[in-house]
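So the chains spell out like this:
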Amino acid sequence: MGEGFKKQKTRFLRNAIIKSAVCAVSLGLFAFGIVFLATRVSGISLHAGYYALIAVVAALSSGGVTFLLLWPTEKAIAKELDSEYGLNEKVQTALAFRDAEGEVVDMLKSDTEKRLLNLPKRKFDATKIWQYVLIAAMSLAVFVPSLFAPARTALATSIPQNPTENPTAQYVFTEEQMADLQELIDNVSITPLDDGVKAGAVDALKKLKNNLPFAETNGDMIGFVNVALKSVNGAIKDPLSYRSIANALGAVAQNDLAKMIADGVQVYKNRIIVGYADVVAFYAERVQAVTQVTEKGLTAFFDALAEGKEAGDDEVGFVEKTYGDIYTALNLSDADDADELRTVLYDFAKALAQNDNTLTNDAALTFDINFNAALAEQAYRLAMNKYVTNRLREIFGLPVPADESFVPNYSQSSDPSDGTDSDLQGGYGRGDMLYGSDDEVYDPVTGEYVKYGDIFNDYYAIIESLLRDGTLTEEQQAVVRAYLEILLSGIKDKE
């Protein structure tokens, strides 16, 4: 067969490809629309990759099957041409005798070729493509409405109050959880944390967001969240030096310094840290808050150094023992040499040693400012860590633990002048303050009167939960916050 027949074969092949593509795209959109509409109406959330996978599989399978059905064989093409143009089976006959020779056969093939090269332009025939138009219309009728269908809130059963109670239950990563997690990522991204710290926390949260679509049970989800919590702690809280340095100072009997460090970094516990706005507010006042806590202790510490108070050893003066203890403690601690708090203490000890074992006003002022600033930065990171980890637990219905208080390992040879209690109800070493936690209240559980501070953590955890879950109105939240601020911060003793 000549060029005329080859051109017709190309036309039929092109038509088959176009029709197959129409079917592929139409069925792909139809499958996507059906699944997307069903998930939105039912409140089920799927990862975007699943929608794409469903659409691609449907398109490839439908397009492939259609092409196989429409594959134009030479006999089918010849039959269609004879029928379409009324050629009285000339093309079929020429095709059947294309390998034969003879005068009659050559005339037949030559005549057929001329007719194929001069076929009239085909008229549009809608009856031959109506099926494909219908398929495309049906797919669009499903696909377009699915994009604008209102999403139903996820079923409450998909977010149990405490997933740990039923770890084998099916888990679904809902759109609400996805939005809340993204908001948390955005909040962490704009915090004034050090870039390296921030990057570590954000990376942990992003990995969690990518992993959760593959969680099939509550247990899977809890595992992913726990990994993220560990990574967030590792980025924000665990590298902090306050714990190591305070314990080392306690080990060398510098208990007052150790206590000031512990109380200073835990001052955020005197603030309500529930939402991101609370962390922002604490950041603005962090230095002032720490300064108020350490003020009395530093004053007594400086007075003792200025007086050259003896340490109990006639051969070693108080100042010399103090900077010697600081040097020893810093060597005992695992704080990095570049750590800000370590640097502040080291520079202060160095200043004492270089000024004939005396405390100068400049050294005292510099230490006061830098010491409080270093503690304030670590306090902010602890506050930020509390917000991020508690918010993460809240998003996925996991229980939020009560704050753990840090009390340094004080030397038994000397007790801190104002006690060692650094819990929420404590006075943080400020003996001129009064706290409601020192009052006695009736405990219906034990039937006895106990200090408010002994049950305050349980009470505070309940209040925090109410503030987080939106149970209280804005007016009620304002009243509760004002009450807790007074309770946590204390009031000046009038006597």
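Structure's up top.
Residues numbered from 1 in each chain as written. Predicted model: local features only at pLDDT ≥ 70, side-chain atom pairs only at ≥ 80, totals over all residues. Heavy atoms only, no water.

## Topic: a nonpolar patch on the surface
Reasoning step 1: Residues Tyr50, Leu53, Val57 and Phe214 make up a contiguous nonpolar surface patch of roughly 410 Å² in combined accessible area.
Reasoning step 2: By the element assignment, Phe214 lies in the loop between helix H8 (195-211) and helix H9 (218-236). (Patch = residues over 30% accessible without salt bridge, like charges linked within 9 Å, V, L, I, M, F, W, Y side chains within 5 Å. Areas by Shrake-Rupley, 256 points an atom, 1.4 Å probe, with all protein chains shown as cover. Salt bridge = Lys/Arg side-chain N within 4 Å of Asp/Glu carboxyl O. Helix = DSSP H or I, 4+ residues; strand = E, 2+ residues; numbered from the N terminus.)

## Structural notes on helix H12 (residues 276-307)
Reasoning step 1: The end-to-end C-alpha separation of H12 is 46 Å, in line with the 46 Å expected for 32 residues at 1.5 Å each.
Reasoning step 2: The sharpest bend along H12 comes to roughly 60°, located at Glu285.
Reasoning step 3: Immediately downstream of H12, the backbone of Gly308 shows phi near 70°, a positive value. (Expected span 1.5 Å × (residues − 1). Bend = angle between axes of the 7 residues up to and from the residue.)

## As for helix H14 (residues 340-354)
Reasoning step 1: An ideal rise of 1.5 Å per residue puts 21 Å on 15 residues; H14 measures up with 21 Å between its terminal C-alpha atoms.
Reasoning step 2: Residues of H14 that are buried: Leu341, Arg342, Val344, Leu345, Phe348, Ala349, Ala351 and Leu352.
Reasoning step 3: The distance from a side-chain oxygen at the start of H14 to the backbone nitrogen of Leu341 is 3.2 Å, and the residue carrying that oxygen is Asp339.
Reasoning step 4: Asp356 occupies a position one or two residues after H14 and carries a positive phi of about 55°. (Buried < 20%, exposed > 50% of the residue type's maximum accessible area, 1.4 Å probe, protein only. Polar contact = N/O pair within 3.5 Å; in protein donor to acceptor, adjacent residues only side chain to side chain.)

## Some thoughts on the packing of H12 against helix H15 (residues 361-395)
Reasoning step 1: Contact geometry for H12 and H15: axes closest at 8 Å, N-to-C directions at 140°. As judged from the angle between their axes, H12 and H15 are oblique. Seen along the crossing, H12 lies across H15 with a hand that is right-handed.
Reasoning step 2: Across the contact of H12 with H15, the residue classes break down as 19 nonpolar, three polar and three charged. (Axes fitted to C-alpha atoms, helices over the stretch in contact; angles between N-to-C directions. Parallel < 35°, antiparallel > 145°, perpendicular 65-115°, else oblique. Left-handed = near helix turned anticlockwise from the far one by under 90°. Nonpolar A, V, L, I, M, F, W, Y, C, P; charged D, E, K, R; others polar.)

## A short note on the pattern of salt bridges
Reasoning step 1: By the definition in use, this model includes eight salt bridges.
Reasoning step 2: Between Glu285 and Arg271 there is a salt bridge; the shortest N-O distance is 2.6 Å. With a gap of 14 residues between them, Glu285 in helix H12 and Arg271 in the loop between helix H11 (255-265) and H12 connect regions that are remote in the sequence.
Reasoning step 3: Look at Glu285 and you get partly exposed, because its relative accessible area is 28%.
Reasoning step 4: Taking relative accessible area as the criterion, Arg271 reaches 11% and is therefore assigned buried.

## Focus: the packing of aromatic side chains
Reasoning step 1: Counted under the stated rule, the structure contains 12 aromatic pairs.
Reasoning step 2: Both rings, one in Tyr323 and one in Tyr327, keep their centres 6.2 Å apart while their planes meet at 70°; by these two values the pair is edge-to-face. Of this pair, Tyr323 and Tyr327 both sit in helix H13 (residues 318-332), four residues apart, roughly one helical turn.
Reasoning step 3: By relative accessible area, which is 24% here, Tyr327 ends up partly exposed. (Phe/Tyr/Trp six-rings, centres within 6.5 Å; stacked < 30°, edge-to-face > 60°.)

## Some words on the nonpolar core
Reasoning step 1: Counting residues in hydrophobic clusters, the biggest one holds 84 residues, and the most contacted among them are Leu181, Ile261, Leu345, Phe367, Phe371, Leu392 and Phe396.
Reasoning step 2: At 16 residues, H15 tops the list of elements feeding residues into this core.
Reasoning step 3: If you look at the next biggest cluster of nonpolar residues, it comprises six residues, including Ile272, Val274, Leu467 and Leu472. (Core = buried A, V, L, I, M, F, W, Y, C linked by side-chain atoms within 4.5 Å.)

## Topic: unusual backbone geometry
Reasoning step 1: In this model, Ala253 sits at a positive phi of 70°, which is unusual for a non-glycine residue.
Reasoning step 2: Mapped onto the fold, Ala253 is located in the loop between helix H10 (242-251) and H11.
Reasoning step 3: Given the relative accessible area of 26%, Ala253 is considered partly exposed.

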